[in-house]
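Inside the fold
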Amino acid sequence: MSRPDIALCYGTRPQVIKASVLRRALARIGSVLAVDTGQHYDYELNALLYTQLGVEPADVLLEVGSGGHAEQTAAILVRAERVLVERAPRAVVVIGDTNSTVGCALAAAKLRIPVVHVEAGLRAADALMAEELNRRLVDAIAQVLCTPSARATGRVRAERCDAVIAQTGDVARDVLLSVEPRLPAPAEAGPVGPGPYGYATLHRAELTAVPERLVAVLDALAGLDLPVVLPLHPRTRAVLEARTPLTRWAGRLALLPPVGYLESLALTRGAELVVTDSGGVQREAYWLGAPCVTLRSETEWIETVELGANLLLPPEAAAAELAEAAERQRRRSAGGWNRDAYGTGDAAARVADSVAGLLAA
Ligand code: UD1
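Here's a quick rundown of the structure.

The rules behind each value
Residues numbered from 1 in each chain as written. Predicted model: local features only at pLDDT ≥ 70, side-chain atom pairs only at ≥ 80, totals over all residues. Heavy atoms only, no water. Helix = DSSP H or I, 4+ residues; strand = E, 2+ residues; numbered from the N terminus. Rg over C-alpha atoms; globule rule 2.2 N^0.38 Å. Contact = heavy atoms within 4.5 Å. Axes fitted to C-alpha atoms, helices over the stretch in contact; angles between N-to-C directions. Parallel < 35°, antiparallel > 145°, perpendicular 65-115°, else oblique. Left-handed = near helix turned anticlockwise from the far one by under 90°. Nonpolar A, V, L, I, M, F, W, Y, C, P; charged D, E, K, R; others polar. Pairing = 2+ DSSP bridges. Expected span 1.5 Å × (residues − 1). Bend = angle between axes of the 7 residues up to and from the residue. Buried < 20%, exposed > 50% of the residue type's maximum accessible area, 1.4 Å probe, protein only. Core = buried A, V, L, I, M, F, W, Y, C linked by side-chain atoms within 4.5 Å. Near = heavy atom within 4 Å. Polar contact = N/O pair within 3.5 Å; in protein donor to acceptor, adjacent residues only side chain to side chain. Areas by Shrake-Rupley, 256 points an atom, 1.4 Å probe, with all protein chains shown as cover. 1 Å grid on protein atoms, 1.4 Å probe; cavity = no way out; pocket = protein on both sides within 12 Å on 5 of 7 lines; lining within 4 Å. Points joined across faces, edges and corners; volume = space filled by probe spheres on them. Salt bridge = Lys/Arg side-chain N within 4 Å of Asp/Glu carboxyl O. Arc of directions from axis to C-beta.

**Re the overall build of the protein**
- Along the backbone of the protein there are 16 helices and 13 strands.
- Relative to its length of 361 residues, the protein is compact, with a C-alpha radius of gyration of 20 Å against a globular reference of 21 Å.
- Counting only C-alpha atoms, the protein reaches 60 × 40 × 40 Å along its principal axes.
- Sequence separation of at least 24 residues holds for 70% of the intrachain contacts in the protein that already meet a minimum separation of 6.

This is how it looks when you write it as structure tokens:
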């Protein structure tokens, strides 16, 4: 077994999407060991992406599955360390802010293997949110910080004068641009008719932890003046089903199993309105020109709000204010905003350039 130049580590659905372009770009500058932690394992959440995006299967599967934060992160840390010791890559590339990101980065740093953090420099005000803890920890120990935006660059410049900082843009845009020409029509992607429809996704722990709030959000979505398609993350579905029969929203909300990446983009592109708590969907709506209401009190992707593509609404206000916010956002934004806040779609090549610099040093 030869020693790889780079271990590329990922584990959740959005990371598999981003890893698809990163892996190709990194393979141009060195040998790549692709490590999937298995944080997401359901077919719709993960495996379907391999088919849709033509992603090569990972070289190593850590198969950690679900668990509490400590249990899941610890399993990733232990299993990643084993692989990193055995294969001894010269650099480790991690993406974003999940438990997979922090587990793999920490295992590498403790072994003195330089870490490259893709999507560095994002911050939320809630310092104890799981993702915020993860991204701050990884930004603190990475040797190369690849940022998606000017604001993120400024932040890590102030924090990390000892690190290499590269403003690469967002690899999620690279992937989107590469698949955009082959997106299906909305009606082929989900149960939508010829008229206007809304597209919603809800999965964050902060929302699912309060079941009555989650139910109130679905009631508010069902009260909008257009039908809404809502694929359910497994955890969101489980929380709802424990609380109330899903038939409560029959006829107003089309509740689906998780849809594929291409279907999600197609539904976003055709939507009159997007309602989400996902960072990925916020940016996809921004790039595809769909007005978005984000059910959070803050966002790491604040440029989308500043440019008029996105409106923040705290979930606890959704019951009373969603209809008005949705109306305001549909009137306010006609999709004519500048779409380049996170680069122009060459982020993976720029990340690879930074990694090449690290390997050459
Ligand atoms: C994780 C990330 C989140 C990211 C999201 C992307 C962390 C702390 N959170 O959230 O930042 O936005 O991925 O999708 O890493 N489950 C399944 N099947 C699966 C995976 C999960 O049923 O394949 C269920 C399990 O009940 C599990 C729950 O979903 O306990 C939560 O999964 P987990 O991986 O802990 O976090 P996500 O909410 O998916």
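**A word on the packing of helix α10 (residues 211-222) against helix α15 (residues 315-332)**
- As a packed pair, α10 and α15 sit with axes 8 Å apart at the nearest point and diverge in direction by 30 degrees. Taken together, the axes of α10 and α15 lie roughly parallel to each other. In this structure, α10 meets α15 at a crossing whose hand is left-handed. Taking contact as the criterion, the partners of R213, A216, V217, A220 and L221 in α10 are, on α15, P315, E316, A318, A319 and L322.
- Broken down by class, the residue content of the contact of α10 with α15 amounts to eight nonpolar, no polar and two charged.

**Section: unusual backbone geometry**
- Here the phi dihedral of R112 falls at roughly 65 degrees; this positive angle occurs in a residue that is not glycine.
- Tracing the chain through its elements places R112 in the loop between α4 (99-110) and β5 (115-118).
- Phi at E119 is positive, roughly 85 degrees, even though this residue is not glycine.
- Relative to the helices and strands, E119 is located in the loop between β5 and α5 (130-141).

**Details of the sheet that holds strand β13 (residues 310-312)**
- Strand order in the open sheet formed by six strands is β10-β9-β8-β11-β12-β13, with parallel pairing between adjacent strands. The open sheet is flanked by β10 (253-256) and β13, the only strands paired with a single partner. Adjacent strand axes in the sheet meet at a mean angle of 20 degrees when their direction is disregarded.
- As paired strands, strand β11 (residues 273-276) and strand β12 (residues 292-294) are joined by three bridges and run parallel to one another. Counted as the bridge partner of V274 is C292 from β12.

**Focus on helix α1 (residues 13-27)**
- End to end, α1 covers 21 Å across 15 residues, agreeing with the expected 21 Å (1.5 Å per residue, within 8%).
- Along α1, the largest kink reaches about 30 degrees and is centred on A19.
- Of all 15 residues in α1, 12 are buried; the element is thus mostly enclosed.
- Three or more residues of α1 are buried, namely R13, Q15, V16, I17, K18, A19, S20, V21, L22, R23, A25 and L26.

**Quick notes on the nonpolar core**
- By size, the foremost hydrophobic cluster in this structure holds 48 residues, and its most contacted members are L8, Y10, L22, V93, V171, Y261 and V355.
- Leave out the neighbours within four places in its chain, and L8 touches A19, L22, R23, L26, V32, L33, A34, V35, V93 and I95.
- Ranked by size, the runner-up nonpolar core spans 32 residues in total, among them V217, L221, L232 and L322.

**Here we look at the site of the ligand**
- What surrounds the ligand is a group of 18 residues, the closest being Q39, H40, Y41, E131 and R235.
- Measuring from an oxygen atom of the ligand, one finds a side-chain N or O atom of H233 at 3.0 Å.
- Contact with the protein chains covers 83% of the free accessible surface of the ligand, which is 750 Å².
- Looking at the shell around the ligand, the elements with two or more residues in it are α3 (69-87) and α11 (234-243).
- For the shell around the ligand, the per-class residue count stands at four nonpolar, 10 polar and four charged.

**Structural notes on the sheet that holds strand β6 (residues 144-147)**
- One open sheet accounts for seven strands, arranged β3-β2-β1-β4-β5-β6-β7; its pairing is parallel. The outermost strands of the open sheet, each flanked by one partner alone, are β3 (60-61) and β7 (164-167).
- One ladder, built from five bridges, connects strand β1 (residues 6-10) with strand β2 (residues 32-36); its direction is parallel. Note that in β2 the partner of L8 across the bridge is A34.

**Things to note about the layout of surface pockets**
- Estimated volume of the second largest pocket: approximately 210 Å³.
- E206, L295, R296, S297 and P315 are the residues nearest the centre of the second largest pocket, which is lined by 14 residues in total.
- Looking at the lining of the second largest pocket, the elements with two or more residues in it are α9 (205-208) and α15.
- Taken together, the residues that form the lining of the second largest pocket break down as five nonpolar, one polar and eight charged.

**Examining the pattern of salt bridges**
- In the structure shown here, the tally under the stated rule is 27 salt bridges.
- When the shortest N-O distance is used, the salt bridge between D225 and R330 registers 3.1 Å. Taken together, the residues D225 in the loop between α10 and β9 (228-231) and R330 in helix α15 connect sequence positions 105 residues apart.
- Taken together, the shared-partner salt bridges in this structure form one network comprising D97, E132, R135, R136, R296 and E300.

**Structural notes on helix α16 (residues 347-360)**
- With 14 residues, α16 should reach 20 Å at 1.5 Å per residue; the first-to-last C-alpha distance of 20 Å fits that figure.
- Along α16, the positions that sit buried rather than exposed are A347, A348, V351, A352, S354, V355, L358 and L359. Projection of α16 onto a plane perpendicular to its axis shows the buried side chains occupying an angular sector of 160 degrees, all on one side. Opposite the buried face of α16, at more than 90 degrees from it, the exposed residues are D353 and A360.

Limitation: the analysis is restricted to geometry and does not speak to function.
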